[in-house]
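Structural overview
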Amino acid sequence: MKKPFKVLLSGVCAFAMMFSMGEQLAFAEEINPQEFVSQTYESGTVTISSAAELASYAAGTMNQNYVLICDIDISAYIGSIAGMSLSGTFDGNGHIIYGMQGETSLFSQVASSGTVRNLTVVGNLQVNSSSLKDVGGIVEYNDGTIEDCVSRVNINAGGSYAIRVGGITGQNAGNIYRCKNEGNISGNISEIGGIAAMNGGEHVVDCENTGNITFNTRDCHVYAGGIIGEESRYIGASQFTVENCKNLGDIQGDAGNGAASIGGVIGETGRKGDNSTSSIKNCTNTGNISGVGELGGVIGKIGLDHNYSVNGVEIASNGDNIIVDGCGSTGIITAKKPTEGNNTTWLGGVFGSINITQNGTIYIKNCGSSSSLYSENGITGEDTVGGIGGSMNNIGNAEGIANSYVYVENCYNRGYIDNNIKYVSDLIAATYGGNMAVTKCEYNGNRFKIDTDGTIYAYYPDGSAIYNQFIFDGFFTYYIQANGTAMKDRLTYHPDGTHIICFDAQGHEVFMDFQYCSSVGYTCYFDSLGYIYKDQITFVGSKAFYLNQNGKMENSGWFQFANGVDYGYANSDGTLKTNQFSYDAWGRVVFYHWNGMVARGLITDGVYYYSMDTTDGHYLGSFPVN
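Notes on the structure follow. (Residues numbered from 1 in each chain as written. Predicted model: local features only at pLDDT ≥ 70, side-chain atom pairs only at ≥ 80, totals over all residues. Heavy atoms only, no water.)

Some thoughts on the overall build of the protein
For clarity, the threshold we go by: Under the DSSP-based scheme used, a helix requires at least four consecutive residues in state H or I and a strand at least two consecutive residues in state E, with every element numbered from the N terminus. Here the radius of gyration uses the C-alpha set of atoms, whereas the globule reference equals 2.2 Å times the residue count to the power 0.38. For every residue, the accessible area obtained with a 1.4 Å probe (protein chains only) is divided by the maximum for its type, and the residue is called buried under 20%, exposed over 50%, and partly exposed between those limits. Per-residue accessibility takes into account occlusion by the displayed protein chains alone, with areas from the Shrake-Rupley method and a 1.4 Å probe. Charged residues are defined narrowly, with Lys and Arg counted positive, Asp and Glu counted negative, and His plus the chain ends left uncounted. Think of each charge as sitting on NZ of Lys, CZ of Arg, CG of Asp or CD of Glu.
Helix and strand counts for the protein come out as 3 helices and 69 strands. For the protein, the C-alpha radius of gyration of 26 Å lies close to 25 Å, the compact-globule estimate for 626 residues. Taking all 626 residues of the protein together, the buried fraction comes to 56%. Entry remark: accessible area of the protein is about 23800 Å², with carbon and sulfur atoms responsible for 45%. Averaging the coordinates of the 32 positive side-chain charges in the protein and doing the same for the 60 negative ones gives two points 2 Å apart.

This is how it looks when you write it as structure tokens:
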């Protein structure tokens, strides 16, 4: 029987294979094969192996370094665990916390000194609030760092008061790196984001949302984004960077009389600080968007149009700059019929509207759209729809109150636009004011049209249909089949007859990414040419993954490599155990090397030699180096 893990730290020792240096490990002071510590920890680290242990720490001040050493289910302890406040480090170590439920996030706050990393959280939150509150799939308010985390928490807001909801965090005043939300978010919500509902932090980088967002809110302006709902000056840093983020989830909602700012990446940006430069760079949206208000494939509204005061004294604006660079959108964007009032929609493939009244510059460059744009209001409505942007308004210049500028450069539209709209343009539908320029922008080349049922077609510039051909829209590659539609959700042979490639549910060929392939029922990885990996180890950051001889990502525990000799262990998220002592499938101690393979033969940490079986790697004994 496998003995429970213990905290038996005697210091940090440099552990090395005989032929290559490994990472630093702490191990049991007495060399007992049943008491090897399973991970690499610094002295003083607190290991957590059960929900009961986590509950005991959650009751106090969490200012130490905590590490999960196994998956845990907290459903029986949710009242003692949910709402933890963290000023130390919480390392999920690739493990999963199951059983999130109720109305409170796992962490109520992560302080500026705090970090949450390598954690997956699974569950459902049903929030019924009569006042404004923040809710996140993992953290309510983040002032520190969240990195390499995944939320599979579905969140529904059913209370009488519209709240803030983020897939990872409700409010971010810190930094978020390499996080993913897979949970669906719905309900009575005022700010809503796949990663953060309201962002005032400095960096949101390499994040992804695949969850769907649906809101039903009344008498309140809603800010909804696939990554961030609203950029706010009120919290966090004076400038921000949102980079290499992507949204795959659909966003739709009804805000009644309030309307909404909805963006595939960001709902609305705003002023941040004097002489600051904020950027949204290399971000993409592939989800469908629908609603009433300001709708953009990348950003709903870009605004330098707010006055801010501190203690009654207005903060002067000497120049706030926002740069949107290398971003794009595909999918369907639809202006809905208002359910209340006579609200108008400004809709664009890249941005819905730009409004600037303060000193500063808004600069959109190298962006594009192959989104199909529709309006349910038709020619009798007041919707304004542009292939790149709905409207640009330099009010500061028009009224002579600000040195304000708007530039759109090197952008394109290759998507379909419903021409049965009152105000419509291939590029920018409406402008007001001066100091604005649209240069080197185009609506030519091959075109794309996505029907409301999601079927994708492509056309040459002369309008003739494309068949049996790969085609590129500026961000994504498609294969148009013999029937004129894009191949979707398919694992197939490349036309060269040798390599296997994959197209996702949006018809995009997969490059340098993992993709679940429904035709075979498992996740694969595709390289920079789009070819499937087979019998290969790949790394994402410091995390190792193994794609077996069939191309399947190993994710089901103990397995044998395709060479028929080496063994490894894969967690449920596909990450391999590496650089650590742990157990094999029979409860015997083994050491997992840097590449996930079980070490065999003689290894050393410089203090002891460890004899590992030469066939399957299980621990046999040890003796001192000297």
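Having put the structure on the table, let's press on.
Notes on the side chain of T89
To keep it simple, the criterion reads: Polar contacts here mean pairs of N or O atoms no more than 3.5 Å apart (in protein, one a potential hydrogen donor and the other a potential acceptor; neighbouring residues in sequence count only if both atoms are side-chain atoms). Note on contacts: a residue pair qualifies if any of its non-hydrogen atoms lie within 4.5 Å across the two residues.
Positionally, T89 belongs in strand β7 (residues 89–100). Within the structure, T89 has its side chain in polar contact with the side chain of N65 (distance 3.4 Å). The residues touching T89, leaving out its near neighbours within four places in the chain, are Q64, N65, Y66, T115 and R117.

With respect to the sheet that holds strand β10 (residues 134–136)
Threshold: Being paired, for any two strands, means DSSP has found at least two bridges between them. Here an axis means a line fitted to C-alpha atoms, over the contact stretch when the element is a helix, while the angle between two N-to-C directions is reported on a 0 to 180 degree scale.
Pairing is parallel across the open sheet formed by 9 strands, whose spatial order is β10-β14-β19-β24-β29-β34-β41-β46-β50. Both edges of this open sheet fall to β10 and β50 (423–425), since each of them pairs with a single strand only. Neighbouring strand axes in the sheet, compared pairwise and without regard to direction, differ in orientation by 10° on average. Pairing of strand β24 (residues 222–225) with strand β29 (residues 260–263) involves 4 bridges; the strand directions are parallel. Its bridge partner lying in β29, A224 is registered against I262.

A short note on the pairing of β7
In regular strands, side chains alternate between the two faces of the sheet. Judged by how many residues are buried, β7 sits mostly within the fold: 11 of 12 residues are covered. Both strand β4 (residues 65–68) and β7 contribute to a ladder of 3 bridges, which runs parallel. Residue pairing across strands places N65 opposite T89, the latter belonging to β7. Pairing of strand β5 (residues 72–73) with β7, which is carried by 2 bridges, proceeds in the parallel orientation. Paired with I72 across the strands is I97, a residue of β7.

Quick look at the pattern of salt bridges
Formally: Note on definitions: salt bridges are taken to be side-chain nitrogens of Lys or Arg within 4 Å of carboxyl oxygens of Asp or Glu.
Per the counting criterion, the structure on display carries 20 salt bridges. In this structure, E191 and R164 form a salt bridge, with 3.2 Å as the shortest nitrogen-oxygen distance. Separated by 27 residues along the polypeptide, E191 in strand β19 (residues 189–193) and R164 in strand β14 (residues 163–166) bring together distant segments of the chain. Here E191 and R164 have matching classes, each one buried. In this structure, a network of salt bridges that share partners links the residues R152, K180, E182, E208, K246 and D513.

Section: the environment of M392
Mapped onto the secondary structure, M392 falls in strand β47 (residues 389–394). As a C-alpha pair, M392 and V406 span 14 residues in sequence and 7.9 Å in three-dimensional space. With sequence-adjacent residues up to four places away left out, M392 is seen in contact with F351, I354, V406, V408, I428, A430, T431, Y432, M436 and V438.

Considerations on the packing of aromatic side chains
Keep this limit in mind: Pairing of aromatic side chains requires ring centres within 6.5 Å, counting the rings of Phe and Tyr and the six-membered ring of Trp. Pairs whose planes differ by under 30 degrees are stacked, by over 60 edge-to-face, and all others tilted. Placement of a charge over a ring requires the Lys NZ or Arg CZ to be within 6 Å of the ring centre, with the centre-to-atom vector within 35 degrees of the ring normal.
With the rule as written, the count across this model stands at 22 aromatic pairs. Note on Y374 and Y416: the rings are 5.6 Å apart at their centroids and 45° apart in plane angle, and the pair reads as tilted. With a gap of 42 residues between them, Y374 in strand β45 (residues 372–375) and Y416 in the loop between β49 (412–413) and β50 connect regions that are remote in the sequence. With a relative accessible area of 13%, Y374 lands in the buried category. The exposure class assigned to Y416 is partly exposed, which follows from its relative accessible area of 26%. Clustering of aromatic rings is evident, with ring pairs tying together F514, Y525, Y533 and F545. Sitting above the plane of the Y416 ring, K449 keeps its charged end 4.8 Å from the centroid. The residue whose ring lies beneath K577 is Y569, and the NZ or CZ to ring-centre distance is 4.4 Å.

Some thoughts on the side chain of E231
Structurally, E231 is set in strand β25 (residues 228–231). Under the relative-accessibility criterion, E231 is labelled buried at 2%. Side chain to side chain, E231 and N199 meet in a polar contact 2.5 Å long.

Re the environment of G166
Structurally, G166 is set in strand β14. On the basis of relative accessibility, which here comes to 0%, the residue G166 falls in the buried class. Taking the C-alpha atoms as reference, G166 lies 8.0 Å from I185; in sequence the two are 19 residues apart. In contact with G166, not counting residues within four places along its chain, are V135, G136, G137, I155, I185, G193, I195, A196 and A197.

Digging into the sheet that holds strand β15 (residues 169–172)
Reading across the sheet, the 11 strands line up as β6-β8-β11-β15-β20-β25-β30-β35-β42-β47-β51 and stay open at both edges, with parallel pairing between neighbours. Single-partner strands in this sheet number two, and they are β6 (84–86) and β51 (428–432). Averaged over all pairs of adjacent strands, the angle between strand axes in this sheet comes to 10°, irrespective of strand direction. By the bridge criterion, 3 bridges tie strand β8 (residues 107–110) to strand β11 (residues 139–142) in an arrangement that is parallel. Looking across to β11, one finds that V110 is bridged to N142.

Examining the nonpolar core
Quick note on the threshold: Put simply, buried Ala, Val, Leu, Ile, Met, Phe, Trp, Tyr and Cys residues joined by side-chain atoms within 4.5 Å make one nonpolar core.
F90, F107 and I364 are the most contacted members of the largest nonpolar core, which has 93 residues in total. By residue number, the principal contributor to this core is strand β9 (residues 115–127), which donates 5 residues. Apart from residues lying up to four places away in sequence, F90 is in contact with I48, L54, M62, Y66, L68, I97, F107, T115, V116, R117 and L119. Ranked by size, the runner-up nonpolar core spans 12 residues in total, among them I332, Y374, F448 and A458.

Regarding unusual backbone geometry
Despite not being glycine, D148 has its phi angle at roughly 55°, a positive value. Mapped onto the elements, D148 comes out in the loop between β12 (145–147) and β13 (150–157). In the Ramachandran plot, D219 falls in the positive-phi region, its phi being about 55° despite a non-glycine side chain. D219 gets classed as exposed once you look at its relative accessible area, which sits at 61%.

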